[in-house]
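This is what each chain is made of:
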Amino acid sequence: MVRLKINIPALRDRYHRKSRAMNARVRGDIVVSNFLDSVGGYRHKERRDHLLNVLDVNLDWHMHAISDGERRRVQLVMGLMGQWDLLLLDEVTVDLDVLVRSELLKFLREESESRGATIIYATHIFDGLDDFPTHVAHMRDGAFALNPTPWPLEASLMPPDGQLLKTGSLLHSVALTWLAEDRSHRIKEEKEGKRPVLRGARKQVNPTDSESFYKKYDYSH
């Protein structure tokens, strides 16, 4: 059983340090080794060096001269140097190449298995994630449509075989099925007047101001 410990001040400090990674000053002419030391790298040398190898980062890089993907890797080294009990990761693999992304996912899995760290990983990229989660849950409108359930799901909870063949990924298939159910549920409630129509075409009786204006000056006919 994973022990969950939330250290709010530590998480807040991590957020502020993470924010500094992409600001104008950091994108200036500063060497990666100096940057990491400025956010406490000297306190976590062994773990820092391991992350440098995992994420393929060069300490001699200059922050102003590297690509967005390389800057993202430096940012990840900075954010993961501390041994956090809880990691909230939102689209952290954006800009990473497939090899570095794969190595990062291996590192995160080891963190969970060896240290009992709890990792919440939000992403739209499903490649290579079929064996990553321990549990999955389906939330709709702030409530559980499916409570946290061990992964992989039982056959009765899996999408139809035809849907699985379209995606080639179990996790992607499940997410696609849930999202389609959520959309159908939303549209049904919109038609029943239980919620406002937020997206898609709306019934329009009178022309809008913009339609009236542009129609008046439409010389295409």
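Residues numbered from 1 in each chain as written. Predicted model: local features only at pLDDT ≥ 70, side-chain atom pairs only at ≥ 80, totals over all residues. Heavy atoms only, no water.

### Concerning the nonpolar core
Right, on to step 1. Counting 39 residues, the largest nonpolar core has V74 and L108 as its most contacted members.
Right, on to step 2. At the level of secondary structure, the elements contributing two or more residues to this core comprise α2 (32-38), α3 (45-54), α4 (68-80), β1 (86-90), α5 (98-115), β2 (118-122) and α7 (170-191).
Right, on to step 3. With residues near it in sequence (within four places) discarded, L108 still touches L87, L89, I119 and F132. (Core = buried A, V, L, I, M, F, W, Y, C linked by side-chain atoms within 4.5 Å. Buried < 20%, exposed > 50% of the residue type's maximum accessible area, 1.4 Å probe, protein only. Helix = DSSP H or I, 4+ residues; strand = E, 2+ residues; numbered from the N terminus. Contact = heavy atoms within 4.5 Å.)

### Structural notes on the confidence of the model for the chain
Right, on to step 1. For the chain, per-residue confidence averages 82 on the pLDDT scale, and 81% of positions sit at 70 or higher.
Right, on to step 2. Taken together, the stretch residues 1-21 has pLDDT below 50 and engages in 32 contacts with residues farther than four places along the chain or on a different chain. (pLDDT = per-residue confidence, 0-100.)

### Considerations on the packing of α3 against α5
Right, on to step 1. Where α3 meets α5, the closest approach of the two axes is 9 Å, and the angle between their N-to-C directions is 145°. Along the contact surface, α3 presents R47, H50, L51 and V54, while α5 presents E103, L104, F107, E111 and R115.
Right, on to step 2. For the contact of α3 with α5, the class distribution of residues is four nonpolar, one polar and four charged. (Axes fitted to C-alpha atoms, helices over the stretch in contact; angles between N-to-C directions. Nonpolar A, V, L, I, M, F, W, Y, C, P; charged D, E, K, R; others polar.)

### Some details on the layout of surface pockets
A probe matching the size of a water molecule, rolled over the atoms, marks out where space remains unfilled.
Right, on to step 1. Considering only enclosed or pocket space, the largest pocket measures out at about 1,300 Å³ in volume.
Right, on to step 2. Contributions of two or more residues to the lining of the largest pocket are made by α5, β2, β3 (135-140), β4 (143-150) and α7.
Right, on to step 3. Element by element, the count of residues in the lining of the largest pocket is highest for α7, at six residues.
Right, on to step 4. Looking at side-chain class alone, the lining of the largest pocket contains 24 nonpolar, seven polar and five charged residues.
Right, on to step 5. For the second largest pocket, the calculated volume is near 300 Å³.
Right, on to step 6. Along its surface, the second largest pocket is lined by R140, D141, L179, A180, D182, R183, H185, R186, R195 and R199.
Right, on to step 7. Class assignment of the residues belonging to the lining of the second largest pocket gives a composition of two nonpolar, one polar and seven charged. (1 Å grid on protein atoms, 1.4 Å probe; cavity = no way out; pocket = protein on both sides within 12 Å on 5 of 7 lines; lining within 4 Å. Points joined across faces, edges and corners; volume = space filled by probe spheres on them.)

### As for the pattern of salt bridges
Right, on to step 1. One pass over the full model with this rule turns up 14 salt bridges.
Right, on to step 2. One salt bridge in this structure joins R195 and D141, with 2.7 Å as the shortest N-O distance. Of the two residues, R195 sits in the loop between α7 and α8 (209-216) while D141 sits in the loop between β3 and β4, which places them 54 residues apart along the sequence.
Right, on to step 3. Classification of D141 by relative accessible area gives exposed; the value is 56%.
Right, on to step 4. Notably, a salt bridge pairs K188 with E192, separated by 2.8 Å at the nearest N-O pair.
Right, on to step 5. Judged by its relative accessible area of 48%, K188 is partly exposed.
Right, on to step 6. Relative accessible area serves as the criterion here: at 40%, E192 is assigned to the partly exposed category.
Right, on to step 7. Taken together, the shared-partner salt bridges in this structure form one network comprising D37, R48 and D49. (Salt bridge = Lys/Arg side-chain N within 4 Å of Asp/Glu carboxyl O.)

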